[in-house]
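Secondary and tertiary structure notes
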Amino acid sequence: MAKMNFGGVEENVVTRDEFPLSKALETLKNETIAVIGYGVQGPGQSLNLRDNGFNVIVGQRKESKSWDKAVADGWVPGETLFEIEEACQRGTIIQYLLSDAAQIALWPTVKRHLTPGKALYFSHGFGITYKERTGIIPPADVDVILVAPKGSGTSLRKMFLEGRGLNSSYAIFQDATGKAYDRVVALGIGVGSGYLFETDFKREVYSDLTGERGTLMGAIQGLLLAQYEVLRENGHTPSEAFNETVEELTQSLMPLFAEKGMDWMYANCSTTAQRGALDWMGPFHDATKPVFEKLYKEVANGNEAQRSIDSNSQPDYREKLEAELTALRESEMWQTGAVVRKLRPENN
Ligand SMILES: NC(=O)c1ccc[n+]([C@@H]2O[C@H](COP(=O)([O-])OP(=O)(O)OC[C@H]3O[C@@H](n4cnc5c(N)ncnc54)[C@H](O)[C@@H]3O)[C@@H](O)[C@H]2O)c1
Ligand SMILES: CC(C)(O)[C@@H](O)C(=O)O
Ligand SMILES: [Mg+2]
Ligand SMILES: [Mg+2]
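Residues numbered from 1 in each chain as written. Chains lettered and ligands numbered in written order. Predicted model: local features only at pLDDT ≥ 70, side-chain atom pairs only at ≥ 80, totals over all residues. Heavy atoms only, no water.

1. Overview of the side chain of Asp 208
Put simply, the rule is: A run of H or I in DSSP counts as a helix once it spans at least four residues, and a run of E counts as a strand once it spans at least two, with each numbered from the N terminus. Polar contacts, as counted here, are pairs of nitrogen or oxygen atoms within 3.5 Å of one another; within protein the pair requires one atom able to donate a hydrogen and one able to accept it, and residues that are adjacent in sequence qualify only if both atoms are side-chain atoms. Any two residues having at least one pair of non-hydrogen atoms within 4.5 Å are treated as being in contact.
Mapped onto the secondary structure, Asp 208 falls in helix H10 (residues 201-213). Here Lys 150 takes part through its side chain, which lies 3.3 Å from a polar atom of the side chain of Asp 208. Sequence-distant contacts of Asp 208, that is, excluding residues within four places in its chain, are made with His 124 and Lys 150.

2. Quick word on the site of ligand 1
Short version of the rule: Only heavy atoms are used to decide nearness, and a residue is near a molecule or strand if one of them lies within 4 Å of it. Surface accessibility follows the Shrake-Rupley procedure with a 1.4 Å probe radius. Residue values consider only the protein chains on display as shielding.
Near ligand 1, the surroundings consist of 24 residues, among which Tyr 38, Gln 41, Gln 60, Asp 100 and Gly 153 are the closest. Side-chain polar atom of Asp 100 to an oxygen atom of ligand 1: 2.7 Å apart, as the coordinates give it. Residue Gly 153 places a main-chain N or O atom 2.8 Å away from an oxygen atom belonging to ligand 1. Surface burial for ligand 1 is 81%, taken as the share of its 830 Å² of free accessible area covered by protein chains. Those elements that provide at least two residues to the shell around ligand 1 are helix H5 (100-112) and helix H16 (317-330). The element best represented in the shell around ligand 1 is H5, accounting for four residues.

3. Digging into the coordination of the magnesium ion (ligand 3)
What counts is decided by this rule: Ligating atoms shown are N, O and S within 2.8 Å of the metal, or 3.2 Å for Na, K and Ca, and water is not included, meaning a site may look less than complete. Partly exposed residues are those whose accessible area sits between 20% and 50% of the maximum for their type, while under 20% is buried and over 50% is exposed, using a 1.4 Å probe and protein chains only.
Coordination of the magnesium ion (ligand 3) by the protein comes from Asp 208 (OD) and Glu 212 (OE), over a distance range of 2.0 Å. Between the magnesium ion (ligand 3) and the magnesium ion (ligand 4), a separation of 3.7 Å is found, and both are coordinated by Asp 208. Residue Asp 208 and its partner Glu 212 are both found in helix H10; the two are separated by four residues, about one turn of the helix. Glu 212 gets classed as partly exposed once you look at its relative accessible area, which sits at 25%.

4. Side note on the domain arrangement of the protein
Let me state the cut-off plainly: Those domain boundaries reflect an automatic or database domain assignment. Buried area: the accessible area, evaluated with a 1.4 Å probe, that two parts lose upon being put together, summed over both parts. One side-chain nitrogen of Lys or Arg within 4 Å of one carboxyl oxygen of Asp or Glu is enough to make a salt bridge. Classification convention: Asp, Glu, Lys, Arg as charged; Ala, Val, Leu, Ile, Met, Phe, Trp, Tyr, Cys, Pro as nonpolar; all other residues, Gly among them, as polar.
The domain architecture assigned to the protein consists of domain 1 (2-199) and domain 2 (211-347). Each partner contributes to the interface: domain 1 provides six residues, whereas domain 2 provides nine residues. Across the interface of domain 1 and domain 2, roughly 670 Å² is buried in total on both sides, 61% from carbon and sulfur atoms. Our enumeration of links across domain 1 and domain 2 arrives at zero salt bridges. Where domain 1 meets domain 2, there are three residue pairs in polar contact (both at pLDDT 80 or more). Mapped onto the side of domain 1 that touches domain 2, the elements with two or more residues apiece are H5 and helix H7 (131-134). In terms of residue class, the side of domain 1 that touches domain 2 is made up of four nonpolar, one polar and one charged.

Structure, rendered in structure tokens:
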């Protein structure tokens, strides 16, 4: 394990140089990796593992669109694609990639097949950390490990195909076999991670729920909408409001700070922009920090997890989410976005 200095703080990380794919393949050569669930992470992780040469099977409900997608992706019913229970029985490593709510419902089935020496793998600390709410309590004689890619399974796959890697955290909750570290790191490399950083299940779920509700999804949606509304209310056209709020951010400025940092983005803007942005950063920070503090508290006290379990356990949760996403897609702002994207020269 390499120690790296992150802005003055030392952390344990695992790089591909230190734990190459050949070592990962050797570590898992006698394992059958059963990827349970073929939603967003399931395809990304299983296809990357398969292309990397691991022995992988998929477990998915037969009467589902995801089963058909798995067949279309080359998984063969009866050979590499099975009903969930059969895949759990065949796997020596069970990658539990059902939705967090479905993990609760299917737990009795999975638990039945966690015989001594197997490994139970998660990509989220949710089920274990909130065990009083989920009832997910693994037997003591299996390894319980986590690799959490820091991004969508769709990006994990796309970046793999581009020869890149999405960073992931890893954690060990239970090392029953003495092999948990090698297993978790080999799987992290196998699914296509860039580098791996160490965490535990609780820190993973607290940071992940905060991040997706915060800057990654919820906060950015709220922030962009607020600016778009103010511009529109003051007579700016949809085109001007959208370009000044979203298109410039994703197409011009975000790539600059992705490439070389926030200061590099500043350095490539006018001194007028730099002066004003540095001045207004403070008020925006001060207005939002209390919201982030409230969010973190709601995550840490379990309320966020309970809300998610309650709503995502309803039989019609998919339809309800789809209705909200449709309203978002049909809003003026995102209808404008669709036209703006169509007008990108590369899309013509
Ligand atoms: N979506 C991501 O990119 C992402 C990123 C990092 C971590 N994670 C974590 O990975 C895990 C999987 O997330 P996901 O977004 O891929 O899941 P998902 O919501 O896409 O669902 C995965 C699978 O669960 C199945 N499923 C749902 N309800 C079921 C039920 N009642 N019975 C049987 N199967 C059922 C679906 O058919 C689907 O194949 C979660 O722990 C999540 O927090 C997800
Ligand atoms: C892709 C995300 C937001 O990072 C993940 O945490 C999820 O839950 O889908
Ligand atoms: Mg998440
Ligand atoms: Mg996440």
